[in-house]
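Understanding the architecture of this molecule
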Amino acid sequence: MGGKDQQALGAYGERVAARHLVEQGMVVLDRNWRCPVGELDLVLRDGDVLVFCEVKTRRGEARGHPLQAVDTIKAQRLRRLAALWTDEHQVRVDHVRLDVVGVTAPRRGPATVVHSRGVG
Amino acid sequence: MVATTRTVSLQGAIGHVIDVQVDLGPGLIQTAMVGRPDMAINEARERCRAAIDNSGFHWPVTRRTTVLLSPADLPKRGTHFDLAIAVAVLAASETRFPDGALEGVVLIGELSLDGRIRCVPGVLPMVMAAAARGIGRVVVPEPQVGEAALVDGVEVYGVRSLRQAHALLMGEEIPEAPPVEPPTGNPLLSWRGQSRLEEVDLFDVLGMADARYALEVAAAGGHHLLLTGPKGAGKTTLAERIPTILPDLDAQESLELTAIHSLCGGLVPGAPVLTRPPFRAPHHTASRAGILGGGTGRVHPGEVSRAHHGVLFLDEFPLLPGDIIEALRQPLESGEITIARGDEDATYPAGGMLVLACNPCPCGEYSPLTRDHRCICTEVRRREYRRKISGPIADRIDITRFVEPVPAHERNDPFGRPESSADVLVRVTEARCRQRVRYADDDWRLNAHAPGPALRTAYPLDADATRALDTEVYAGSLTRRGATRVHRVAWSVADLRGVDRPGCAELDTALRLRTARPLDLATLARRA
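Here is a short report on the structure shown in this document. Everything quoted here is computed from the prediction, not taken from an experiment.

1. Some points on the pattern of salt bridges
Two side chains of opposite charge can pair, provided their charged atoms sit close to one another. Evaluated as defined, the whole model comprises 28 salt bridges over all chains. For the salt bridge of Arg280(B) with Glu303(B), the shortest nitrogen-to-oxygen distance reads 2.7 Å. Pair noted here: Arg280(B) is in strand E11 (residues 279–280) and Glu303(B) is in helix H12 (residues 303–306), with a separation of 23 residues, a long-range link. Under the relative-accessibility criterion, Glu303(B) is labelled buried at 14%. Connected via shared salt-bridge partners are Asp46(A), Arg97(A), Asp99(A) and Arg117(A).

2. Side note on the sheet that holds strand E17 (residues 353–358) of chain B
Residue and element names in this part refer to chain B. In space, the five strands of this open sheet follow the order E11-E14-E17-E10-E18, with parallel pairing throughout. Only two strands of the sheet have a single neighbouring strand rather than two, namely E11 and strand E18 (399–402). Sheet analysis places strand E10 (residues 225–228) next to E18, joined by four bridges and oriented parallel. By the bridge assignment for E18, Leu226 is matched with Thr400.

3. Quick notes on the interface of chain A and chain B
Across the contact, 13 residues belong to chain A and eight residues belong to chain B. The junction of chain A with chain B conceals about 760 Å² of combined surface from both sides, 64% of it contributed by carbon and sulfur atoms. Looking only at chain A, the three residues that lose the most surface to chain B are Leu67(A), Gln68(A) and Ser116(A), adding up to 43% of its buried area. Seen at the junction of chain A and chain B, the total is zero salt bridges. Here chain A is connected to chain B by zero residue pairs in polar contact (both at pLDDT 80 or more). Broken down by secondary-structure element, the contributors of at least two residues to the side of chain A that touches chain B are helix H2 (72–89) and strand E5 (112–116) of chain A.

4. Considerations on the state of the cysteines
Under the criterion given, the structure shown has zero disulfides over all chains. Just so you know, Cys35(A) is unpaired, no disulfide at all, and the nearest cysteine sulfur is the one on Cys53(A), 17 Å from it.

5. Description of helix H21 (residues 480–497) of chain B
Two residues of an α-helix separated by three or four positions point the same way, owing to the 3.6 residues in each turn. Residue and element names in this part refer to chain B. For H21, with 18 residues, the first-to-last C-alpha span of 26 Å sits near the 26 Å given by 1.5 Å per residue. Most of H21 is tucked away, with 16 of its 18 residues classed as buried. In the segment just after H21, Gly498 is the residue with positive phi, at about 75°.

6. Observations regarding the packing of helix H2 (residues 44–54) of chain B against helix H3 (residues 82–93) of chain B
Residues and elements named next belong to chain B. At their nearest, the axes of H2 and H3 sit 10 Å apart, and the two run at 55° to each other. In terms of orientation, H2 and H3 fall into the oblique class. Pair H2 / H3 crosses with right-handed handedness. Contacts between H2 and H3 involve Ala44, Arg47, Cys48 and Ile52 from the first element and Asp82, Ile85, Ala86, Val89 and Leu90 from the second. Here the contact of H2 with H3 is built from residues that sort into seven nonpolar, no polar and two charged.

7. Regarding the pairing of strand E14 (residues 311–314) of chain B
Residue and element names in this part refer to chain B. Because side chains alternate across E14, one face comprises the buried residues Val311 and Phe313, and the other comprises Leu312 and Leu314, equally buried. Bridge count between E11 and E14: two bridges; the pairing is parallel. When the sheet's bridge partners are listed, Arg280 is paired in E14 with Leu312. Bridging between E14 and E17 involves four bridges; their strand directions are parallel. Note that in E17 the partner of Leu312 across the bridge is Leu354.

8. Some points on the sheet that holds strand E2 (residues 38–46) of chain A
All names here are of chain A. With respect to topology, five strands assemble into an open sheet ordered E1-E2-E3-E4-E5, the strand pairing being mixed. Of all strands in the sheet, those with a lone pairing partner are strand E1 (27–35) and E5, marking the two edges. Taking each pair of neighbouring strands and ignoring which way they run, the sheet shows an average axis angle of 25°. Across five bridges, the pairing between strand E4 (residues 95–104) and E5 is antiparallel. Across the sheet, the residue bridging to Val101 is His115, located in E5. Lying over the sheet, helix H1 (residues 3–23) contacts E1, E2, strand E3 (49–58), E4 and E5, oriented at roughly 140° with respect to E3. Running at roughly 105° to E1, H2 makes contact with E1, E2, E3 and E4 of the sheet.

9. A closer look at the packing of helix H8 (residues 209–221) of chain B against helix H18 (residues 421–438) of chain B
Residues and elements named next belong to chain B. Relative to each other, H8 and H18 sit at 35°, their axes nearing to 8 Å. You can see that H8 and H18 cross each other, and the crossing is right-handed. Of the residues in H18, those touching H8 at Glu216, Ala219, Ala220 and Gly221 are Val424, Arg427, Val428, Ala431, Arg432 and Gln435. Across the contact of H8 with H18, the residue classes tally to five nonpolar, two polar and three charged.

Thresholds, definitions, all that
Residues numbered from 1 in each chain as written. Chains lettered and ligands numbered in written order. Predicted model: local features only at pLDDT ≥ 70, side-chain atom pairs only at ≥ 80, totals over all residues. Heavy atoms only, no water. Salt bridge = Lys/Arg side-chain N within 4 Å of Asp/Glu carboxyl O. Helix = DSSP H or I, 4+ residues; strand = E, 2+ residues; numbered from the N terminus. Buried < 20%, exposed > 50% of the residue type's maximum accessible area, 1.4 Å probe, protein only. Pairing = 2+ DSSP bridges. Contact = heavy atoms within 4.5 Å. Buried area = accessible area lost by both parts, 1.4 Å probe. Polar contact = N/O pair within 3.5 Å; in protein donor to acceptor, adjacent residues only side chain to side chain. Disulfide = S-S within 2.5 Å. Expected span 1.5 Å × (residues − 1). Axes fitted to C-alpha atoms, helices over the stretch in contact; angles between N-to-C directions. Parallel < 35°, antiparallel > 145°, perpendicular 65-115°, else oblique. Left-handed = near helix turned anticlockwise from the far one by under 90°. Nonpolar A, V, L, I, M, F, W, Y, C, P; charged D, E, K, R; others polar.

Quick look at the structure:
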């Protein structure tokens, strides 16, 4: 699989994840926010909770479930990115949550979404 | 979703039934192990994950897995937690076990990556602990079923794999699985050591009527014994034959001994019950942990515990480091040994007979009875050596004997046919029966274990003998503790002679046995 395919798969996964989360009643505030530290896939509002969401997309589970790809180090980076985002946007909220959404998108058939709340 | 299974954590020989709780929840995808696990339990998550995946089940990859071993303050060691952890994970994730299937079941077993179950040490004490807590069913590795079944009132199930354990708890048909390798024994040592000791007999010992009688009294009452004598006189030969004149262990004794050996992992699957009194003869270079118990990590029982209800033989004991000899004092008195550590105490039984052997001097030629010895030691060295033998440990030895080389005329005596072990065993068994009847309402069984106050009030010597013993104490030739020990030996002598209460004759024999004076040959003749 080439880099372009991978990017396209990632973008597809993020669309699927965003739709899933919006169906859950969340509101998308920002997408693919970049800074020197890295990128935030999705920033959402869930009631009065600000949610930073990492989306992992894979074709299958040959190399493990997409959720397993997020380890402690990645969770820490996500937390740092969240701090940067709130700083830049001058947002003051009482509740912040870090989520991970794993999307399994096989070449055929529908994608499956697993949403894990409150990572790290 | 929280699921709970049960297993047993061992602290020394004492087992605690513990809950293994698994919670699957949101959060970072990882497995957290809490409740003071040791390294081996921390590695259980890798074994369990692979075993579950390779058994056709699915490890919950999309959720955070938290494993709690509770009570959480108890430090836990070992690999036998695997089965309980894996089943709890299955119960929390994909398997709906029937209601109550996990209630009152203790799961014991280590998992390999392919889902097969491996044997673990200590199954017997674990099952004993489970039974004491009212657990009715235990699941153990298949080769260890015999060991677990020694415990009354518990249903034992042997399994070969995680799949079999799963099917068992689901109430389904048990699938086939390759058999489990038995725990490795110690064939190299048992090959010569054990089989050789099975063949020895007192019949091989010529002469030495004096020492043979001392052995008989020691065996009858379970007394500690010290044999001194020049090299080659037959100290080891005599000591090795003590188990041949000890009766078989009763059910309770053999359960205790088997539990200790289960902890050491040395039981043979086919014949797990140890019914013969053990004979342990550690070399004088053995470490402190080896003899008393201890070691890194888990506290292993030492030789003093493995010789429970049997014989611990320390040859050349003055060569042992002084602190080991000193440390033996506590188990000698109390019949159990406690190894205290910062985070855990382990108490093991240590109720065997201690048999010590030593040369009378460093070169091994000195003989206190005959003057024509060839000893080349200086008096100073000899005294130095004797100082190690005597002291606090000697006060706790009931019977001391000099073993003299047998003179030629006794060795070739065509009329003196030595008795066999079987003959002596009959008398020892009879003496032990008398003790059992006498101590039926007490919580000890042998004269050697009777506490001093109880002896003086409930089981005194006859009036003359009591007076004679008191005189010895007032004269300063015996300590109070020494007098109590003589009192116990006097009872053993009386039991062997079939006398109902020890009198002056029995006391005289006991005093001679303790103080290493030669026995009156007339007293030996009387017992026939």
